[in-house]
Amino acid sequence: MKRENVLIILSMLVLAFFLAKMFDGGNLSTGSQRTQELIYSDFKALVASGDVVNAQIVGDSLIEGFTQDGMGYRTYIPAEDPSVIDYLRLYQIPINYVPEKSLPWYLSILINWGPFLLIFGIWMVLMRRMQGGGGAGGLFSIGRSRAKKMEPSEMKVTFDDVAGVEEAKDDLKETVDFLKDPAKFRKLGGRIPKGMLMSGSPGTGKTLLAKAVAGEAEVPFYSMSGSDFVEMFVGVGASRVRDMFEQGRQNAPCIIFIDEIDAVGGSRGTGMGGGNDEREQTLNQLLVEMDGFDGMEGIIVIAATNRPDVLDPALLRPGRFDRHVSIPLPDVKGREEILHIHAKKVQMAEGVDMSIIARGTPGFSGADLKNLINEAALGGARNNKTELKLADFEWARDKVMMGTERRSMVMSEKEKRNTAYHEAGHALVSALLPKTDPIHKVTIVPRGRSLGLTAFLPKNDSHSYDIDFLSNRITIAMGGRAAEKIIFDEVTTGASNDIQQATDTIRNMICTWGMSKSFGPIVFGSDNQHYVLGRSIGKGREFSEKTATEIDEEMRATIKFHDEKAKKLLRDNIDVLHKIVEVLMKEETIEGSYIMDLLGPKKSKVEPVGG
Ligand code: ADP
Ligand code: ZN
């Protein structure tokens, strides 16, 4: 809440309290500080005793009597027994009459209307807060979208401003072509995905890339953050979504960018019964809107998240956010390019070698690198330098490293070596086995929650695999852990994902695909998974406890078999393993072809294996 709002509310409260006190009972006291209230009979007795020397009547029912010693007493005269006045007359006590003090008009308004005004004031403040600061439209624009619009003329971002994400850029070029001339695309009958999901750590340039698409295509860019949709009142988010798409439709072709989509698009029904109505309504509205236009209108919705795993599966269905672009942290080469982009804005000394900085910043995102350049410039300015030298950038790097949360992502030398062996293990095992997908890249640049990655390039999009392929996949999964075990005789937590993956594959081979030698072609557990609010809660089990135990045993044996096999492959080629690691430590990312070259003719020597 804004400060002035707090002040308004506080002062109204204080005023109301003060007034209530002051006009307690609607009557005013007459000023004597020492006036004591008596019950009527006591007051009458007091008068009757003759102690009262002086009296006054205020309005038509309050009477005050003063004694010799200056003490005041008061009471209300009941209409049915005004005899106290007769007593006063009896004692010939002078009676003064004062009319009831009437309040100034503004005070009486305040008293009568105060509580109402107070409530109204609080309501105003809340409304104001909800629609994010005043402006024309005031109270009525609460359900309007708050999307920020950027016209093509303001969009100076192009693909040249984004570096280190070449693959994502390639993916997006088609989108740019489409936005430039939707009609042409329509004629050719090309299908364009209307929803695109960008996933990647914070600061990797997702927003920048979305802006660049708009900039390249010269179309308006609407941006809104998922958290802006979710408000206190049910229905507001949904109406904002509706409004945002309405604006988009009127200005097509355009880009609608939704940052942090997980704020609305998180999986539904995770808190059973205690769900968040507002968020679900917003999400439903988003789904409705996504279904409601065909991509040909020229609206492209780009959503960004760093938690693609928590998104509601409904969002990722065909026709919605069905195109997935993942934005990795940049590798050495990417970092160098990003550094160059941002270094253009600062005064650099001749011949500063940015590759040195790039090599020393594994785990840095684009935003971190931009920050590094900034810090260098600030530091230089503080020291009255006219141009920045390598040392300035190195100083800035240390500052950024120690000052940001990503520090934990920046790997220690030992962690780096561990990861290198782990990934090299996966890659080498894969390279040695026949019938595997070619290796695309091996990297030890941390990505998301994993420290490294071995990426494959499947030859085709085939979705049916044979036993050999699947067995190999298990062996490859075990390869990372096996390498760590051989070299360091210990394993890190980095392998847990691999084990999960291997276990899942084996379970499916036995239980679903009927590939087990001992069980044969039989499906355990029905294929109808049980869904609760869109989430699978597991398969129904339709087999005995004994069978379950047997399946467990077979799974364990299979894992062990593949683990041994991976270890043997690695031991037999340990020289190549060391070599890969050596290069990985230097380059961080290597191409699959490099590993194949290292292996040379060894590749085809391994005999095919079954189960
Ligand atoms: P995200 O949306 O992924 O959190 P942003 O796009 O907001 O990241 O990135 C923040 C800033 O960091 C950008 O404005 C840009 O200056 C810089 N940046 C991030 N990634 C890159 C990149 N790949 N190339 C150039 N600059 C980048
Ligand atoms: Zn692994």
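Each chain carries its own residue numbering, running from 1 in the written order of its sequence. The lettering of chains begins at A and the numbering of ligands begins at 1, in the order of writing. Totals for whole chains, interfaces and linings use every residue, but because this is a predicted model, local features are given only for residues with pLDDT of at least 70 and side-chain atom pairs only at 80 or more, for both listing and counting. Side-chain calculation: all heavy atoms of the structure are included, whereas hydrogens and water are not.

Q: Explain the coordination of the zinc ion (ligand 2) here, please?
A: Each angle at a metal carrying four tetrahedral donors should ideally be 109.5 degrees, and each at a metal carrying six octahedral donors should ideally be 90 or 180 degrees. Summarising the metal site, the zinc ion (ligand 2) is bound by the protein donors His 422 (NE2), His 426 (NE2), Asp 498 (OD) and Asp 498 (OD), whose distances to it range over 2.0 to 2.7 Å. We call an atom a donor if it is N, O or S and sits within 2.8 Å of the metal, or 3.2 Å for Na, K and Ca. Water is not counted, so some sites may look partial. In this scheme the shape depends on donor count and angles: four donors with every angle between 85 and 135 degrees give tetrahedral, four or six donors with opposite pairs above 155 degrees and others between 65 and 115 give square planar or octahedral in turn, and any other case is irregular. Given 4 donor atoms and angles of 53 to 141° at the metal, the environment of the zinc ion (ligand 2) is assigned as irregular. All donors of the zinc ion (ligand 2) come from a single chain, and their spacing in sequence reads H-x3-H-x71-D. Taken as a pair, His 422 in helix α16 (residues 413-432) and Asp 498 in helix α18 (residues 496-512) lie far apart in primary sequence, 76 residues in all. Judged by relative accessible area, which is 11%, Asp 498 ranks as buried. Runs of E in the DSSP output that reach at least two residues are strands. Runs of H or I that reach at least four are helices, and both are numbered from the N terminus. Three exposure classes are used, based on accessible area relative to the maximum for each residue type with a 1.4 Å probe and protein chains only: buried under 20%, partly exposed in between, and exposed over 50%.

Q: Sorry if this is basic, but what is going on with the sheet that holds strand β3 (residues 62-67) here?
A: Remark on secondary structure: sheet strands pair via backbone hydrogen bonds, oriented parallel or antiparallel. Note: two strands are recorded as paired if DSSP finds a minimum of 2 bridges between them. Taken together, the 5 strands give an open sheet; going across it, the order is β1-β4-β3-β2-β5, and neighbouring strands pair in mixed fashion. One side of each edge strand has no neighbouring strand; the edge strands of this open sheet are β1 (35-37) and β5 (95-98). The sheet shows a mean angle of 25° between the axes of neighbouring strands, taken without regard to direction. One ladder, built from 3 bridges, connects β1 with strand β4 (residues 72-76); its direction is parallel. Counterpart to Gln 36 in the pairing with β4 is Tyr 73. Contacts are assigned to residue pairs with any non-hydrogen atoms lying within 4.5 Å of each other. Here an angle of 0 to 180 degrees is reported between the N-to-C directions of two axes, which are lines fitted to C-alpha atoms, with helices fitted over the stretch in contact. Sitting on the sheet, helix α2 (residues 40-48) is in contact with β2 (52-58), β3 and β4, with an inclination near 130° to β4.

Q: Sorry, what's going on with the sheet that holds strand β16 (residues 589-591) here?
A: The strand order β13-β12-β16 describes an open sheet built from 3 strands, whose pairing is antiparallel. Each edge of the open sheet carries a strand with a single partner, namely β13 (453-456) and β16. Averaged over all pairs of adjacent strands, the angle between strand axes in this sheet comes to 15°, irrespective of strand direction.

Q: In this structure, what is going on with the packing of α18 against helix α19 (residues 545-572)? I would like to understand it.
A: When two helices pack together, their arrangement is given by the angle between their axes and by how far apart the axes lie. Remark: α18 packs on α19, axes separated minimally by 10 Å, with the N-to-C direction vectors making an angle of 130°. On the basis of the axis angle, α18 is oblique to α19. Of the two elements, α18 crosses α19, and the hand of that crossing is right-handed. Mapping the contact onto sequence places Ala 502, Thr 503, Ile 506, Arg 507, Ile 510 and Cys 511 in α18 and Ile 551, Glu 554, Met 555, Thr 558 and Ile 559 in α19. Its residues assigned to classes, the contact of α18 with α19 comprises 7 nonpolar, 2 polar and 2 charged. Note on terminology: angles under 35 degrees are roughly parallel, angles over 145 are roughly antiparallel, angles of 65 to 115 are roughly perpendicular, and the others are oblique. When the near helix sits turned anticlockwise from the far one by under a right angle, the crossing is termed left-handed; a clockwise turn instead gives a right-handed crossing. Throughout, the ten residues Ala, Val, Leu, Ile, Met, Phe, Trp, Tyr, Cys and Pro are labelled nonpolar, Asp, Glu, Lys and Arg are labelled charged, and all others, Gly among them, are labelled polar.

Q: Which parts of the structure should I look at to understand the site of ligand 1?
A: Whether a residue is near a molecule or strand depends on its heavy atoms: it is near if one of them lies within 4 Å of it. Residues in close proximity to ligand 1 total 16 residues, the closest being Ala 163, Gly 203, Lys 206, Thr 207 and His 342. In this structure, an oxygen atom belonging to ligand 1 sits 2.5 Å away from a side-chain N or O atom of Thr 207. Each polar contact in these results corresponds to two N or O atoms within 3.5 Å; when the atoms are within protein, one needs to be able to donate a hydrogen and the other to accept it, and residues that are neighboring in sequence are counted only if both atoms are side-chain atoms. Here His 342 contributes a side-chain N or O atom positioned 2.9 Å from a nitrogen atom of ligand 1. Those elements that place two or more of their residues in the shell around ligand 1 are α7 (206-217), α12 (332-343) and α14 (366-382). Each of domain 2 (148-327) and domain 3 (332-402) accounts for three or more of the residues forming the shell around ligand 1. As annotated, the domain borders come from an automatic or database domain assignment.

Q: Looking at this model, I keep getting lost on the environment of Leu 451. Mind explaining?
A: In this structure, Leu 451 sits in the loop between β12 (439-443) and β13. Residue class for Leu 451 comes out partly exposed when judged on its relative accessible area of 29%.

Q: I tried to follow the pairing of β3 on my own but got confused; where do I start?
A: A regular strand carries its side chains on alternate faces of the sheet. Most of β3 sits out of view: 6 of its 6 residues are buried. Residues Leu 62, Glu 64 and Phe 66 of β3 are buried on one face, and the alternating residues Ile 63, Gly 65 and Thr 67, pointing to the opposite face, are buried as well. Here β2 pairs with β3 via 6 bridges, running antiparallel. Pairing of Ile 57 across the sheet is with Ile 63, part of β3. Hairpin connection from β2 to β3: 3 residues lie between these consecutive antiparallel strands, with Gly 59 at a positive phi of about 65°. Between β3 and β4, which pair antiparallel one after the other, the connecting turn spans 4 residues, and Gly 70 there sits at a positive phi close to 90°.

Q: Explanation requested: a nonpolar patch on the surface in the structure shown.
A: A contiguous nonpolar surface patch, about 980 Å² in accessible area, is contributed by Trp 105, Tyr 106, Ile 109, Trp 113, Phe 116, Leu 117, Phe 120, Trp 123 and Met 124. Looking at the element boundaries, Met 124 is found in helix α4 (residues 105-130). Judged by relative accessible area, which is 31%, Met 124 ranks as partly exposed. Like-charged residues are merged into a patch within 9 Å and nonpolar side chains (Val, Leu, Ile, Met, Phe, Trp, Tyr) within 5 Å, provided each residue has over 30% relative accessible area and no salt bridge. Surface accessibility follows the Shrake-Rupley procedure with a 1.4 Å probe radius. Residue values consider only the protein chains on display as shielding. Salt bridges are identified by distance alone: a Lys or Arg side-chain nitrogen within 4 Å of an Asp or Glu carboxyl oxygen.

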